[in-house]
Amino acid sequence: MSNRTFIDRYVLPVALKIAGQKHVLSVRDGIILNMPFMLIGSFFLIFAYLPIPAWGHLMADLFGDTWRNKLLYPVRATYDIMALISSFGIAYRLAEKYRTLDPLTSGAMALVAFVMTIPQQTLFAPVEGAPTQLVTGVLPISLIGSQGLFVAIVIALLSTEIYRFVHNRNLVIKMPEGVPPAVAKSFLALVPGFCVLAVVLMLRLAVEASPFGDINNLIATVIGLPMHHVGGTLPGMIFSVLLIGILWTLGLHGDAIVLVFIQPVWLSNMSENLEAFQHNQPIPHIFTQQFYDLWIAPGGTGALLGLVIFMLIRSRSRQMKQLGKIAAPAALFNISEPLVFGIPLVMNPYLFLPFILTPVVLVIVSWAAMSTGLVAPPAGIALPFTTPIFVSGYLATGGHISGTVLQVVNLTISLVIYYPFFRVWDRLKFREEEASLQQAKVVSGEAVTP
């Protein structure tokens, strides 16, 4: 059996099934709902910690010594409610995919159910160094932010499935015709909403009677810790980028399939890094969303910026040079699809090896540089993945030039790895073009011969 037959028969069906799975897609799309707000928060964060001493003195003179705390209000309003937004977004997207459910109602149910899982108490110290006191009737900010993300995912999926189960059995209160649609929908949600909250309440009471104490601690232990061991370690990161590359070469969107499982870990790590950065503490994590976007994927998945550079300046093939011109603007902003499907890289035996190998090498090099202290790790600033190389490395590390230096090194590594494979592919395309041109000349000569 050929490799292509094996892939078509056994690998592709499984990969396609995962890629189209409703719950996987809903988690991905629901978490993405946070992205615009986190980017807005990061904008204020950059100005709050702009690494220019004169800037700090100017702001203090204009707005007082507490100017930074005030500038961080949007940061806390975006980063610190990540789980709340995700619980609504995931349930909304899942209800959309079922088509028979009202997405807005599903999102609201999930949000209420998620809040019900949170112990409404926290420890508070009136002044620094004073004994902590238990304060009740409050939502701990940590549990509605990144620490509560795993709980939000589980509860959003669970509440929507309960809603669907009750709705599909027609266990709802239907209002007569003529009642405004908004009112009718609110009554339709009564019985499913009651069932959702009843199940979550029983779950919470059962967990409170266990050694875990609360649902957040249970899910963080059962799901969060294994995920952190996978996504927060070097072997886990290597496995992730390997799988992403393999799926892309099969024609599937590897990022969309793999990152849905690993992204909650990266977002949680990013939030913890941000907190440490704001308190001038050592950055605890290397592997975050920015680590992957800005250091491992220059030019998009597969670190294709190096390949684009060769296509622009070293191609003999007219097709490759023209494609390089078309793909260059997108690659500059870390978008790889024009090149992946333009060459194409899918099922391409000449280029699949560097496409898969380069990110693995970059992960190892970047991890070594950051873990040894040569390069500052990402500070939790949520730059968009489209931020151009060199600028992004400086900003994402909180103003350390070492972040840019590592991007230069990584781009150089990608150039070295891609070059021999590019030469072979370019030579092949050049020969095909020359053969086609010669054939066209022969045909044209035959056409004009009397």
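Right above here is the structure, for reference.
Conventions used here
- Residues numbered from 1 in each chain as written.
- Predicted model: local features only at pLDDT ≥ 70, side-chain atom pairs only at ≥ 80, totals over all residues.
- Heavy atoms only, no water.
- Helix = DSSP H or I, 4+ residues; strand = E, 2+ residues; numbered from the N terminus.
- Buried < 20%, exposed > 50% of the residue type's maximum accessible area, 1.4 Å probe, protein only.
- Contact = heavy atoms within 4.5 Å.
- Areas by Shrake-Rupley, 256 points an atom, 1.4 Å probe, with all protein chains shown as cover.
- Patch = residues over 30% accessible without salt bridge, like charges linked within 9 Å, V, L, I, M, F, W, Y side chains within 5 Å.
- Salt bridge = Lys/Arg side-chain N within 4 Å of Asp/Glu carboxyl O.
- Lys, Arg positive; Asp, Glu negative; His and termini not counted.
- Charge placed at Lys NZ, Arg CZ, Asp CG, Glu CD.
- Phe/Tyr/Trp six-rings, centres within 6.5 Å; stacked < 30°, edge-to-face > 60°.
- Lys NZ or Arg CZ within 6 Å of the ring centre and 35° of its normal.
- Axes fitted to C-alpha atoms, helices over the stretch in contact; angles between N-to-C directions.
- Parallel < 35°, antiparallel > 145°, perpendicular 65-115°, else oblique.
- Left-handed = near helix turned anticlockwise from the far one by under 90°.
- Nonpolar A, V, L, I, M, F, W, Y, C, P; charged D, E, K, R; others polar.
- Core = buried A, V, L, I, M, F, W, Y, C linked by side-chain atoms within 4.5 Å.
- Polar contact = N/O pair within 3.5 Å; in protein donor to acceptor, adjacent residues only side chain to side chain.

## What to know about the overall build of the protein chain
Along its length, the protein chain carries 21 helices and two strands. Relative to its 450 residues, the protein chain shows a buried fraction of 45%. Considering only intrachain contacts with a sequence separation of at least 6, the fraction spanning at least 24 residues in the protein chain is 71%. Roughly 21900 Å² of accessible area belongs to the protein chain as shown, and the carbon and sulfur atoms make up 69% of that amount.

## Focus on the environment of Gln121
Residue position: Gln121 is located in strand E1 (residues 121–124). Residue Gln121 is classed as partly exposed on the basis of its relative accessible area, which comes to 40%. For the pair Gln121 and Pro140, spaced 19 residues apart in sequence, the C-alpha separation works out to 6.7 Å. In this view, Gln121 contacts Leu134, Val135, Thr136, Val138 and Pro140; residues no more than four positions away in its chain are not counted.

## A short note on a positive patch on the surface
A cluster of like positive charges, contributed by Arg314, Arg316, Arg423, Arg427 and Arg431, occupies part of the molecular surface. Here Arg431 is to be found in helix H21 (residues 401–448).

## Things to note about the packing of aromatic side chains
Using the criterion set out here, one finds seven aromatic pairs in the structure. With 5.4 Å between their ring centres and 50° between their planes, Tyr350 and Trp425 make a pair best called tilted. Highlighted residues: Tyr350 in the loop between helix H18 (337–342) and helix H19 (352–371) and Trp425 in helix H21, separated in sequence by 75 residues. Of the residues examined, Trp425 reaches a relative accessible area of 9% and is grouped as buried. Grouped by ring-pair contacts, the aromatic residues Phe310, Tyr419 and Phe422 constitute a single cluster. The residue whose ring lies beneath Arg164 is Tyr98, and the NZ or CZ to ring-centre distance is 4.1 Å. Cation over ring: Arg316 sits above Phe430, and NZ or CZ is 4.0 Å from the ring centre.

## A few points about the packing of helix H13 (residues 234–249) against H19
At a closest axis distance of 9 Å, the pairing of H13 and H19 adopts a crossing angle of 160°. The angle between the axes of H13 and H19 places the two elements in the roughly antiparallel class. Where H13 crosses over H19, the two elements pack in a sense that is right-handed. Two secondary-structure elements touch here, H13 through Leu234, Met237, Ile238, Val241, Leu242, Gly245, Ile246, Trp248 and Thr249 and H19 through Phe352, Phe355, Ile356, Pro359, Val360, Val363, Ile364 and Trp367. Looking at the contact of H13 with H19 residue by residue, the classes come out as 15 nonpolar, two polar and no charged.

## Remarks on the pattern of salt bridges
Pairing is possible between side chains of opposite charge, provided their charged atoms come close. Under the definition given, this model contains six salt bridges. Glu96 serves as the salt-bridge partner of Arg93, at 3.0 Å between the closest nitrogen and oxygen. Placement of both Arg93 and Glu96 in helix H7 (residues 82–98) is noted, with a separation of three residues, approximately one turn of the helix. On the accessibility criterion, Arg93 (29% relative accessible area) is partly exposed. For Glu96, a relative accessible area of 34% gives the class partly exposed. As a salt-bridge pair, Glu432 and Lys429 come within 3.0 Å of each other at their nearest N and O atoms. One end of the pair, Glu432, and the other, Lys429, are both in helix H21, three residues apart, so they sit about a helical turn from each other.

## Examining a nonpolar patch on the surface
Together, Ile173, Met175, Val183, Phe187 and Leu190 line one region of the surface with nonpolar side chains, adding up to about 360 Å² of accessible area. Here Phe187 lies in helix H10 (residues 181–188). Phe187 gets classed as partly exposed once you look at its relative accessible area, which sits at 31%.

## Details of the side chain of Thr387
Positionally, Thr387 belongs in the loop between H19 and helix H20 (391–396). Taking relative accessible area as the criterion, Thr387 reaches 12% and is therefore assigned buried. If we skip the residues at most four places from it in the chain, Thr387 touches Asn334 and Ser392.

## Considering the nonpolar core
If you look at the biggest cluster of nonpolar residues, it comprises 106 residues, and the most contacted ones within it are Leu339 and Ile343. By residue number, the principal contributor to this core is helix H9 (residues 149–168), which donates eleven residues.

## Observations concerning the side chain of Ser366
By the element assignment, Ser366 lies in helix H19. By relative accessible area, which is 0% here, Ser366 ends up buried. Within the structure, the side chain of Ser366 is placed 2.8 Å from the backbone oxygen of Leu362, a separation counted as a polar contact. What Ser366 contacts, discounting residues up to four positions off in sequence, is Phe291, Trp295, Ile296, Leu406 and Asn410.

## Some points on unusual backbone geometry
Of note, the phi angle at Ala303 is positive, near 55°, even though the residue is not glycine. Here Ala303 lies in the loop between helix H15 (289–296) and helix H16 (305–313). Among the residues examined, Ala303 registers a relative accessible area of 0% and is labelled buried. At Asn334, a residue that is not glycine, the phi angle is positive and equals roughly 65°. Mapped onto the elements of the fold, Asn334 is located in the loop between helix H17 (318–332) and H18.

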